[in-house]
Amino acid sequence: MPPILQRLQQSTTMMSRRKILLLVLGCSTISLLIHQGSQLSWYPKLFPLSCPPLRESPPRAKHTAVAFLKTHKTAGTTVQNILFRFAERHNLTVALPHPSCEHQFCYPRNFSAHFVHPATRPPHMLASHLRFDRAELERLMPPDTVYVTILREPAAMFESLFSYYNQYCPAFRRVPNASLEAFLRAPEAYYRPGEHFAMFAHNTLAYDLGGDNERSPRDDAAYLAGLIRQVEEVFSLVMIAEYFDESLVLLRRLLAWDLDDVLYAKLNARAVTSRLATIPEALARAARTWNALDAGLYDHFNATFWRRVARAGRACVEREARELREARQRLLRRCFGDEPVLRPAAQIRTKQLQPWQPSRKVDIMGYDLPGGGAGPTTEACLKLAMPEVQYSNYLLRKQKRRGGVRSRPEPVLDNPPPRPIRALPRIPQGT
């Protein structure tokens, strides 16, 4: 047989072997740990046959212009951390708040581009709390920016808001014995529109999205429909907190990112003792009735989320979400020990990983690094579990150093809002 035919036969045999190997593997996934500088990467090298990687001609580069509307108590801090780490790995500029705004863009005021620190402009990404203002964001962000947000079931979200902001929202402070049931039995007895932080007590999702949280769908169904249209016009993806991993699968496909780009550690989580294990059905109904605008938004976008999953292939999305969970568990074990657990802030020795505590009545948990760690792996693990305030401050310092001295002075804000609540002093152990 001529040499060229022998090589062709060998090549054909090798291709057949690859096909057989893929058939044998079926839907299994080989995940490899790769060290890329300070990046930990669990990248799925073989996708299930039912879930091939996105095939486009030509292949899309990873999208790097992203604006994430970080809504309150919806797992937004975890999404923010994913975006911060991606931005760092790819040397992207992240829009960060002016010092007068602390780590939020002067929330609850309507967002303004003047709230952005000049050392972080022009940005590729934005992921800190703000009240949505389309015109101002489009003035700040690149024209090809992809807008993303996340919603959470309103009853569960309201329970979290009531617990987290109980000491700061006047409507919540008025309730005897900090009783969620008492508040929902007669919310009008405690709620005063226009008070500072009042938005945390009524239709917070609608407020964060730039809507009028005092409108009621029962009285004006057209308003809810109009708000939904506005959100659909701007946001390419509305994630759903209850289906977080499936949401990340859709996010990474939307942005042409790899699966390892959306690995995460759960951040800003309350201790079991600081939340209701289950919300009674009657209480959930009352919460949804009081937050009817939020309930309407959530119901609509939950339905559109699953239509989007169906278009992507539900079996495919669920398979990839399972791969994400498995890779995430391996990463957490590598970073935080064989049995990684969330710890109270008082038990976290690494100062950079101690989460902010809203009050003595609420325990926010976090991870801690095993003792003696050093090097790129430790650095990557540190960023994986770094709380919002520390990471925002770190990125601001880093971007200021990278930008050098700016000739443009920082803007002076007229009528600045009250400064955000500081953490209460830590109670010493044993007292």
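Residues numbered from 1 in each chain as written. Predicted model: local features only at pLDDT ≥ 70, side-chain atom pairs only at ≥ 80, totals over all residues. Heavy atoms only, no water.

If you check an unreviewed UniProt entry, the protein appears there as Galactose-3-O-sulfotransferase 3 from Neotoma lepida. Under the Cofactor (unreviewed entry) heading, UniProt states for the protein: "Mg(2+)". (UniProt positions renumbered as here; feature names shortened; annotations may be inferred.)

A. A look at the confidence of the model for the protein. Residues at a pLDDT of 70 or more form 79% of the protein, whose mean pLDDT is 84. Considering only residues more than four positions removed or in separate chains, one finds that residues 41–50, a stretch of pLDDT under 50, has 44 contacts. When the criterion is pLDDT under 50, residues 405–431 qualifies, and its contacts beyond four places in sequence or with other chains add up to 46 contacts. (pLDDT = per-residue confidence, 0-100. Contact = heavy atoms within 4.5 Å.)

B. View of the state of the cysteines. The final tally for this structure, using the stated rule, is two disulfides. Across a sulfur-sulfur distance of 1.9 Å, Cys 101 and Cys 106 are joined as a disulfide pair. In this structure the cystine formed by Cys 101 and Cys 106 twists about its S-S bond by roughly -75°; its chirality is therefore left-handed. Residues Cys 101 and Cys 106 agree in their burial class; the two are buried. Here Cys 335 engages in a disulfide with Cys 381; their sulfurs sit 2.0 Å apart. Classification of the bridge connecting Cys 335 and Cys 381 rests on its S-S torsion, roughly -75°, and on that basis the disulfide is left-handed. Pair noted here: Cys 335 is in helix H12 (residues 314–336) and Cys 381 is in helix H13 (residues 376–384), with a separation of 46 residues, a long-range link. With respect to burial, Cys 335 and Cys 381 carry one shared label: buried. (Disulfide = S-S within 2.5 Å. Buried < 20%, exposed > 50% of the residue type's maximum accessible area, 1.4 Å probe, protein only. Helix = DSSP H or I, 4+ residues; strand = E, 2+ residues; numbered from the N terminus.)

C. Expanded view of the sheet that holds strand S7 (residues 235–240). Across the sheet, which stays open at both edges, the five strands sit in the order S4-S5-S3-S6-S7 with parallel pairing between neighbours. Strands with a single pairing partner mark the edges of an open sheet, and in this sheet they are strand S4 (94–95) and S7. Bridge count between S4 and strand S5 (residues 125–126): two bridges; the pairing is parallel. By the bridge assignment for S5, Val 94 is matched with Met 125. Lying over the sheet, helix H2 (residues 76–89) contacts strand S3 (66–69), S4, S5, strand S6 (146–151) and S7, oriented at roughly 160° with respect to S3. Most of the contacts of helix H9 (residues 244–254) go to S7, to which it runs at about 160°, and overall it touches S6 and S7. (Pairing = 2+ DSSP bridges. Axes fitted to C-alpha atoms, helices over the stretch in contact; angles between N-to-C directions.)

D. Region of interest: the packing of aromatic side chains. Going through the model one piece at a time under the given rule, you end up with 25 aromatic pairs. When the ring of Tyr 107 is compared with that of Tyr 207, the centres are 5.9 Å apart and the planes differ by 80°; the resulting orientation is edge-to-face. Of this pair, Tyr 107 sits in the loop between S4 and S5 while Tyr 207 sits in helix H7 (residues 204–208), and the two are 100 residues apart along the sequence. For the pair Tyr 107 and Tyr 207, a shared accessibility class is recorded, and that class is buried. Ring geometry for Phe 244 versus Tyr 264: centroids 5.0 Å apart, planes at 80°, classification edge-to-face. Of this pair, Phe 244 sits in helix H9 while Tyr 264 sits in the loop between H9 and helix H10 (281–290); the two residues are 20 residues apart in sequence, bridging distant segments of the chain. Grouping residues by exposure puts Phe 244 and Tyr 264 together as buried. Each member of the aromatic cluster is reached from another via a ring pair, and the members are Tyr 107, Tyr 164, Tyr 165, Phe 197, Phe 200, Tyr 207 and Trp 356. Positioned above the aromatic ring of Tyr 207, the side-chain terminus of Arg 131 is 3.8 Å from the ring centre. (Phe/Tyr/Trp six-rings, centres within 6.5 Å; stacked < 30°, edge-to-face > 60°. Lys NZ or Arg CZ within 6 Å of the ring centre and 35° of its normal.)

E. Local environment of helix H11 (residues 292–312). In this model H11 runs 30 Å from its N-terminal to its C-terminal C-alpha over 21 residues, within 8% of the 30 Å that 1.5 Å per residue would give. Directly after H11, the chain includes Gly 313, whose backbone phi takes a positive value near 100°. (Expected span 1.5 Å × (residues − 1).)

F. Expanded view of the pairing of S6. Burial analysis of S6 places six of its six residues in the buried class, which makes it a mostly covered element. The alternating pattern of S6 places Val 146, Val 148 and Ile 150 and Tyr 147, Thr 149 and Leu 151 on opposite faces, both of which are buried. Bridge count between S3 and S6: four bridges; the pairing is parallel. Paired with Leu 69 across the bridge in S6 is Thr 149. The pairing of S6 with S7 spans five bridges and is parallel. Its bridge partner being in S7, Tyr 147 is matched across the sheet by Phe 235.

G. Geometry of the nonpolar core. Met 125, Leu 126, Phe 183, Phe 235, Leu 248 and Trp 257 are the most contacted members of the largest nonpolar core, which totals 121 residues. Looking at this core element by element, the count peaks at eight residues for H12. Excluding residues that lie within four positions of it along the chain, Leu 248 makes contacts with Ile 82, Met 239, Val 262, Tyr 264 and Leu 324. (Core = buried A, V, L, I, M, F, W, Y, C linked by side-chain atoms within 4.5 Å.)

H. Up close: unusual backbone geometry. The omega torsion of the bond from Tyr 107 to Pro 108 falls at 15°, within 30 degrees of zero and hence cis. Looking at the secondary structure, you find Pro 108 in the loop between S4 and S5. Residues other than glycine seldom take positive phi values, yet Asn 91 does so here, at roughly 55°. With respect to the secondary-structure elements, Asn 91 resides in the loop between H2 and S4. We classify Asn 91 as exposed; its relative accessible area is 52%. Even without glycine at this site, Asn 203 takes up a positive phi of about 50°.

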